Structure formats: C-alpha cells, structure tokens
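# Close look at the chain arrangement
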Amino acid sequence: MTARNILLWSPSAIVFDCDGTLMDTEQHWQEARNITFRLFGLEPPAGFADRAKGVHYSECGELMAKETGKPDLGGDLADTLLTTFTALVDENPVTMPGAAALVRLAARHLPLAVASNCPREMVETCLGRAGLLSSFGHVVVAGEDISPKPRPDVYSVAARLCGVPPEEALAVEDSFTGMESARRAGLRVIGIGPRPDGAEAGLADLWVHSLADKELVRWASSWIDGQSVSAK
C-alpha cells in the first residue's frame, strides 16, 4: 500500500510500540548498554547501538556477549542491562513528541493496544507515569509463550485482543525490527523517523518524522470523524 492509499484508509484498531514510539527510552537503553559494558570491563563495538535498536533485552545481552568475545556472559549482561535501564527510566520517563495527544485522540473511538519487547511491569510503569496506560485496552509483551519481535507474535496477539483481523489494524513503530514484526503479522504500518533508503523503506506504508506530524494528525482526526458518523 502506498502512502497516498493508506491515507484513504481507516484502521479498526491501533497497536503502538512503546520504546521509541510512545516513550523516549532509546536514550535510556543506550546509556544502560554503555553502563553495562563498563561494569563488565568491555568496550562497546562500533555501531552497536544501531544493531541493538528494537532488540529484546535478553537477545541484546547475548549480542553484547557475542560481539565482545565473551559468549558465557550473555545472561549476566542481559540481567544487568535490564536492571540499569529500569532504574534510568524510573528516574526520567519522557514521552515522544505528539505521542500523548495522538493516543488520547485515537482512544476516544478505537481500541488501542501496546506491543512491546520489554517486560510488562516496565511498559505499564512507563505508560502509567506518563498518564497513558488507561488509554490502552491491552498490553502485549514478549514472554514464555509469545516470541519477541521481529517474530509476529506480539502484533498478532494484540490485534486479536482488540477484536479485529490483522489487516484491519494499524501498527505504529520506530524500529525496523518492530516494523518487520507487524508486517509479518499482517498489519499496516506507520514508521516513525526519516524514510530510509533501500529495502527498509518498504517496511512501512507511511513514514512520518514524529507523531506530531500534521498530516498524521489530520488523518487521525478523520478516523474519529468516521467513527462518529458510523455511530449515529
């Protein structure tokens, strides 16, 4: 679907990623990774932040161990990474530009869910402190029975819990890993950030620089108008 065509479509439900989409946590993940590397006396490999973006913390710990030549430390690195990140977020939870306004607008008439690779307690705490948790009917996180992104599980489950087929749901994502997950689940996708070159551009139906994008806000308002008309 092209950007022009998706702007003529209205979703029946919206599933938001949390990290980097609703909450400005990438800075905390980066700091947590750097602190964890230092605590273990390891040097961060060049470009590691880009490779780690959107990766489940347990897999990130394994990646940190692999790329520093310490494969036995994967579990310890993951545990330290999560503990450090949680402390940083608790000190300074920050929403992404436009996120709160868009969520509150959409929640008036559409079922909303969150699909995240982070632990449930962390996601719910972040959204709760930002005053957004009550806007979401469901929070779906990777766990024992739900595989993390880029596998499609979190988005498939979120769409099902919202009561709509995947093709009627919209995913909002900032990472290629998350976009791939949503695509594999059958959702249409808004990508947040500069439109990339190459194959990654096709991961999203529409690219916006932030959730405060004027075209996106106008489109979201049309969803509400359409729902209001249908309800009459």
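Residues numbered from 1 in each chain as written. Predicted model: local features only at pLDDT ≥ 70, side-chain atom pairs only at ≥ 80, totals over all residues. Heavy atoms only, no water.

## Here's the deal with the overall build of the protein chain
The helix and strand tally for the protein chain stands at ten helices and six strands. Here the protein chain has a C-alpha radius of gyration of 18 Å; the compact-globule value for 232 residues is 17 Å, and the two agree. When its C-alpha atoms are laid out on the principal axes, the protein chain stretches across 65 × 40 × 35 Å. Taken over 232 residues, the protein chain has a buried fraction of 48%. Pairs at least 24 residues apart make up 64% of the contacts formed inside the protein chain by residues separated by at least 6 positions. Of the roughly 10800 Å² of accessible surface on the protein chain, a fraction of 50% belongs to carbon and sulfur atoms. For the protein chain, the centre of its 21 positive side-chain charges and the centre of its 31 negative side-chain charges are spaced 7 Å apart. (Helix = DSSP H or I, 4+ residues; strand = E, 2+ residues; numbered from the N terminus. Rg over C-alpha atoms; globule rule 2.2 N^0.38 Å. Buried < 20%, exposed > 50% of the residue type's maximum accessible area, 1.4 Å probe, protein only. Contact = heavy atoms within 4.5 Å. Areas by Shrake-Rupley, 256 points an atom, 1.4 Å probe, with all protein chains shown as cover. Lys, Arg positive; Asp, Glu negative; His and termini not counted. Charge placed at Lys NZ, Arg CZ, Asp CG, Glu CD.)

## Re the nonpolar core
Ranked by internal contacts, the top residues of the largest apolar core, which has 56 residues, are Phe 16, Leu 22, Leu 127, Phe 136 and Trp 219. It is helix 5 (residues 74–91) that contributes the most residues to this core, seven residues altogether. Not counting the four nearest positions on each side in its chain, Trp 219 is found in contact with Ile 6, Leu 7, Trp 9, Leu 170, Ile 190 and Leu 206. By size, the runner-up hydrophobic cluster in this structure holds 23 residues, among which are Val 15, Val 154, Ala 169 and Ala 171. (Core = buried A, V, L, I, M, F, W, Y, C linked by side-chain atoms within 4.5 Å.)

## Details of the sheet that holds strand 1 (residues 13–16)
Pairing within the open sheet is parallel, and its six strands lie in the order 3-2-1-4-5-6. Edge positions in the sheet fall to strand 3 (138–141) and strand 6 (206–208), since each of these pairs with one other strand and no more. The sheet shows a mean angle of 20 degrees between the axes of neighbouring strands, taken without regard to direction. In the sheet, strand 5 (residues 188–192) pairs with strand 6 via three bridges, with the strands oriented parallel. Note on strand 6: the bridge partner recorded for Gly 191 is Trp 207. Packing of helix 9 (residues 176–185) onto the sheet brings it into contact with strand 4 (169–173), strand 5 and strand 6, and relative to strand 5 it is tilted by some 170 degrees. (Pairing = 2+ DSSP bridges. Axes fitted to C-alpha atoms, helices over the stretch in contact; angles between N-to-C directions.)

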